[in-house]
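Coordinate inspection notes
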Amino acid sequence: MPAGPHDLDPAALEDVACRVVREAGRLVVDERPADLRVASKSSDTDPVTVMDQRSQELVLRLLAELRPDDAVLGEEEGGRAGTSGITWVVDPIDGTVNYLYDVPAYAVSLAAVLGDPTTPGAWESVAGAVLSPVADELFHAHRGGGAWLTTASGSRRLQVTDVSDLAVTLVGTGFGYDAQVRAGQGAAVAELLPRVRDIRRQGSAALDLCSLAAGRLDAYYETGLNAWDRAAGELVAREAGALVGGPDDATATGELTWGAAPGIAAAFAAMVRDLTARHVTARH
Ligand code: IPD
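Numbers given to residues run from 1 along each chain, matching the order in which its sequence is written. Whole-chain, interface and lining totals are the exception, using all residues; otherwise, since this is a predicted model, local features are given only for residues with pLDDT of at least 70 and side-chain atom pairs are given and counted only at 80 or more. Hydrogens and waters are ignored; side-chain quantities use all the structure's heavy atoms.

Turning next to the overall build of the protein. In this text, helices come from DSSP runs of H or I with a minimum length of four residues, and strands from runs of E with a minimum of two, each type numbered from the N-terminal end. Within the protein, the secondary structure is distributed over seven helices and 14 strands. Along the first, second and third principal axes, the C-alpha atoms of the protein reach 50 × 45 × 40 Å. For every residue, the accessible area obtained with a 1.4 Å probe (protein chains only) is divided by the maximum for its type, and the residue is called buried under 20%, exposed over 50%, and partly exposed between those limits. Evaluated residue by residue, the protein yields a buried proportion of 54% over its 284 residues. Throughout, a contact is declared for two residues whenever any of their heavy atoms are within 4.5 Å. In the protein, of all internal contacts separated by at least 6 residues, the share reaching a separation of at least 24 is 62%. Positive charges come from Lys and Arg alone, negative charges from Asp and Glu alone, with His and the N- and C-terminal ends not counted. Lys charges are placed at NZ, Arg charges at CZ, Asp charges at CG and Glu charges at CD. The distance from the centre of the 24 positive side-chain charges to the centre of the 40 negative ones in the protein is 2 Å.

This is the structure:
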């Protein structure tokens, strides 16, 4: 994995991530307009709202003040280059379809990563935060510091479940925006369902990974994720004791991201690798 700057302080980066997602979360909830001015991105079902753009602009502005030498890569247009070796990876609203329908399961996700977040396997998150603004739940972590959930009533350390039997595993997953990819993802889920307790499709990959960390899911997998969907949530899940991987055990990729409680991780990884390899042929 990439080496960081000499003065790398992951705990300080975690504080920055928490502060910035709180401000962006306040914006997307308090200033949600009646007309979200929805446009489509990769397909007709892939929306972007004016608030995705405004949230990202706010994150960029705050990071320019707090971390002027760092780069920023965002889901929406308008990132920037940096000189410090740290890149902030932001999803200004993860769960945009939920936001559109006023379903509260959406999040602002922000991670500080080392390496090149546009190259699979060439980057690593060192700090991050995922805010579910309506629930007022802030999930946060830095490398080696544990995973934490902060709410109005305080902070608690997160720990994945101790499940040991795949047959009673509650699995989160998600689907891409491309119709052909979805057909394959649906075929994979159809084979998975009879082998586990049940599935949940929450609509935000960042919250899925934090749910795994909090013991609200036993495992999660998805094909076709981008770095901004998972950079912060993946770190939170790992710091809560989850094993996280992809096509191989070490690295989650856009092709496949899975995370699981250690007691079922090997069996779960083998199952989702097989199912997605047979059914899902392209990325979204
Ligand atoms: C999406 C959500 C969703 C997942 C999709 C993502 P967005 O992100 O995380 O849960 O299934 O793959 O693209 O578009 O709402 O930022």
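Turning next to the packing of helix α5 (residues 205-213) against helix α6 (residues 227-239). For any two helices packed against each other, one specifies the inter-axial angle together with the distance between the axes. Between the N-to-C directions of two axes lies an angle of 0 to 180 degrees, each axis being a line fitted to C-alpha atoms and, for a helix, fitted only over the stretch in contact. Interaxial distance between α5 and α6 falls to 8 Å at its minimum, and their mutual angle equals 0 degrees. With respect to each other, α5 and α6 are oriented roughly parallel. Within the contact between the two elements, α5 uses A205, A206, L209, C210, L212 and A213 and α6 uses D229, R230, G233, E234, V236 and A237. For classification purposes, angles smaller than 35 degrees are called roughly parallel, those larger than 145 roughly antiparallel, those between 65 and 115 roughly perpendicular, and all remaining angles oblique.

Let us now look at the domain arrangement of the protein. All the domain ranges listed were derived from an automatic or database domain assignment. Per the domain assignment, the segments making up the protein are domain 1 (10-157) and domain 2 (166-283). Between domain 1 and domain 2, the contact holds 45 residues from the first and 23 residues from the second. Across the domain 1/domain 2 interface, buried area totals approximately 2,400 Å², and carbon plus sulfur atoms make up 65% of it. Values labelled buried area give the accessible surface lost by two parts on being combined, using a 1.4 Å probe and summing over both. Of all residues in domain 1, D94, W123 and F139 give up the largest surface area on contact with domain 2, accounting jointly for 21% of the area buried on that side.

Geometry of aromatic contacts follows a simple scheme: Phe, Tyr and Trp rings, the Trp one being its six-membered ring, pair when their centres are within 6.5 Å, and the pair is stacked under 30 degrees between planes, edge-to-face over 60, tilted otherwise. Tallying each qualifying case throughout the model produces two aromatic pairs. Consider the rings of Y99 and Y106, whose centres lie 4.9 Å apart with planes at 85 degrees: the pair is edge-to-face. Note on accessibility: Y99 and Y106 belong to one class, buried. Between Y221 and F268, the aromatic rings sit 6.2 Å apart at their centres with planes inclined by 65 degrees, giving edge-to-face as the arrangement. Residue Y221 is found in strand β12 (residues 219-222), and its partner F268 is found in helix α7 (residues 262-279); the two are separated by 47 residues along the sequence. Residue Y221 shares its accessibility class with F268, and that shared class is buried.

Whether a residue is near a molecule or strand is decided by its heavy atoms; if any one of them lies within 4 Å of it, the residue is near. Taken together, 17 residues lie near the ligand, and D94, G95, T96, Y177 and E222 sit nearest. R201 places a polar side-chain atom, nitrogen or oxygen, 3.0 Å from an oxygen atom of the ligand. N or O atoms closer than or at 3.5 Å make up a polar contact, with two conditions inside protein: a donor-capable atom paired with an acceptor-capable one, and, for residues adjacent in sequence, both atoms drawn from side chains. For the ligand, an oxygen atom lies 3.2 Å from a polar atom in the backbone of G203. Summarising the interface, the protein chains cover 97% of the accessible area of the ligand, which totals 370 Å² for the free molecule. For this scheme, ten residues count as nonpolar: Ala, Val, Leu, Ile, Met, Phe, Trp, Tyr, Cys and Pro. Four count as charged, namely Asp, Glu, Lys and Arg, and the remainder, Gly too, count as polar. A class-by-class count of the residues in the shell around the ligand yields five nonpolar, six polar and six charged. Accessible surface area values rest on a Shrake-Rupley calculation with a 1.4 Å probe, where residue burial reflects the displayed protein chains alone.

Moving on to the sheet that holds strand β14 (residues 257-260). Strand pairing is assigned whenever DSSP detects at least two bridges linking the two strands. As summarised here, the arrangement of the five strands in space is β11-β10-β12-β14-β13, forming an open sheet in which the pairing is mixed. Across the chains shown, the open sheet's two edge strands, defined by having one partner strand only, are β11 (198-200) and β13 (243-245). The mean inter-strand angle of the sheet, taken between neighbouring strand axes irrespective of direction, is 20 degrees. Relative to β14, α7 is tilted by about 155 degrees, and along the sheet it contacts β10 (170-173), β12, β13 and β14.

We now examine the pairing of strand β7 (residues 137-142). Of all six residues that make up β7, six are buried, and the element is covered over most of its length. With burial as the criterion, each face of β7 is covered, one bearing E137, F139 and A141 and the other bearing L138, H140 and H142. Pairing between strand β6 (residues 123-132) and β7: six bridges, direction antiparallel. Within β7, the residue paired with L131 across the bridge is L138. If you look at the hairpin formed by β6 and β7, you'll find four residues sitting between the two strands, and D136 has a positive phi there, around 55 degrees. Judged from the four bridges that link them, β7 and strand β8 (residues 147-151) form a sheet pairing that is antiparallel. Pairing of A141 across the sheet is with A147, part of β8. The loop that links β7 with its antiparallel partner β8 comprises four residues; one of these, G144, has a positive phi angle of about 85 degrees.

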